[in-house]
Amino acid sequence: MPSYHFDYTEYKNENELEYPFSHLLVAAKNATESAYAPYSHFKVGAAVLLQNGEIVVGVNIENASYPVGLCAERSALASAISQFPEQKIVAIAISYVAPSGDNNKPAFPCGMCRQFISECEDRNEQKIPLLLAAQEGQVILIHSAKDLLPFSFGGNDLG
Ligand code: THU
């Protein structure tokens, strides 16, 4: 029977990361402070590392008309691609602060962001690793955005 599996890496905490990923994760953690999340109070920060060394951050931006809200991942990627369209994306880090105060377990990108990052990966012509962590504790490194979206739909399907 066909099956699907992927490898990922776990770290006990941020101190086990090497530069520049350590730096990138700190940027994502700090970005949570700028989140506009008056409805969910779930503050997300994302940081995109580009080949030229630039780090571009994004946050979730909610809206009174709830579905209009934007996730931090798409916010960061839209900004990075707008400002540096020619730069390859090296990695993206995602962090959050939960209103529950439970802030030591990584959260994974929502389905819409997985689709969005998957196409960024196609455009990038190289894998985009995802670095996931709350404010403290465990860090998970997913080596390719596509790992989180098996059998994905993409531009090729449109012919
Ligand atoms: N959110 C993100 O920013 N990224 C995700 O991958 C999951 C959810 C935001 C959307 C909304 O503002 C809040 O978190 C609660 O769902």
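Above this text you will find the structure in question.
Bear in mind the structure is a predicted one, so any value in this text is a computation, not a measurement.

Here is what the cut-offs are and how they apply
- Residues numbered from 1 in each chain as written.
- Predicted model: local features only at pLDDT ≥ 70, side-chain atom pairs only at ≥ 80, totals over all residues.
- Heavy atoms only, no water.
- Near = heavy atom within 4 Å.
- Polar contact = N/O pair within 3.5 Å; in protein donor to acceptor, adjacent residues only side chain to side chain.
- Phe/Tyr/Trp six-rings, centres within 6.5 Å; stacked < 30°, edge-to-face > 60°.
- Buried < 20%, exposed > 50% of the residue type's maximum accessible area, 1.4 Å probe, protein only.
- Helix = DSSP H or I, 4+ residues; strand = E, 2+ residues; numbered from the N terminus.
- Pairing = 2+ DSSP bridges.
- Right-handed = clockwise from strand over helix to strand, strands pointing away.
- Core = buried A, V, L, I, M, F, W, Y, C linked by side-chain atoms within 4.5 Å.
- Contact = heavy atoms within 4.5 Å.

(A) Summary view of the site of the ligand. Lining the immediate environment of the ligand, one finds Ser40, Phe42, Val44, Asn60, Glu62, Cys71, Ala72, Glu73, Pro109 and Cys110. Alanine 72 has a polar backbone atom sitting 2.9 Å from an oxygen atom of the ligand. Note that an oxygen atom of the ligand is positioned 2.7 Å from one of the side-chain N or O atoms of glutamate 73.

(B) Expanded view of the packing of aromatic side chains. Evaluated as defined, the whole model comprises four aromatic pairs. Centroid distance tyrosine 4 to phenylalanine 6: 6.2 Å. Interplanar angle 45 degrees. Geometry classified as tilted. By relative accessible area, which is 40% here, tyrosine 4 ends up partly exposed. A residue is classified by how much of its surface remains accessible, and phenylalanine 6, at 26% relative accessible area, is partly exposed. Each ring, one from phenylalanine 6 and one from tyrosine 8, has its centre 5.9 Å from the other, and the planes form 45 degrees; the classification is tilted. An aromatic cluster is built from Tyr4, Phe6 and Tyr8, whose rings are joined through pairwise contacts.

(C) Representation of the pairing of strand S2 (residues 43–50) within the structure. Where burial is concerned, most of S2 is hidden: seven out of the eight residues are buried. Inspection of the sheet shows S2 paired to strand S4 (residues 89–97) by eight bridges, in the antiparallel sense. Among the inter-strand pairings, alanine 47 is bridged to a residue of S4, identified as alanine 93. Of the pairings in the sheet, the one linking S2 to strand S3 (residues 55–59) comprises five bridges and is antiparallel in character. Looking at S3, one finds that leucine 49 is bridged to isoleucine 55. Between S2 and S3, which follow one another and run antiparallel, lie four residues, and glycine 53 among them has a positive phi close to 95 degrees.

(D) Main features of the pairing of strand S5 (residues 130–133). Alternating positions in S5 separate into two faces, Leu130 and Leu132 on one and Leu131 and Ala133 on the other, with burial throughout. Pairing geometry for S4 and S5, over three bridges, is parallel. Counterpart to isoleucine 94 in the pairing with S5 is leucine 132. Between the parallel pair S4 and S5, the chain is carried across by helix H3 (residues 111–124), and the sense of this crossover is right-handed.

(E) Local environment of the side chain of serine 22. Here serine 22 is to be found in helix H1 (residues 21–31). The class for serine 22 is buried, based on a relative accessible area of 18%. Here the side chain of serine 22 touches tyrosine 19 through a polar contact of 3.4 Å, landing on its backbone nitrogen.

(F) The arrangement of the nonpolar core in detail. Formed by 24 residues in total, the largest nonpolar core has its most connected members in Val48, Leu77, Ile92 and Leu130. Listing elements by their share of this core, those giving two or more residues are S2, helix H2 (72–83), S4, H3, S5 and strand S6 (139–142). When near neighbours in sequence (up to four residues on either side) are disregarded, valine 48 contacts Leu24, Glu54, Ile55, Val56, Ala76, Leu77, Ala80, Ile89, Ala91 and Ile92. Leu25, Leu49, Ala93 and Leu141 belong to the second-largest nonpolar core, a separate cluster that totals 14 residues.

Remember, this is a structural readout, not a statement about activity or role.
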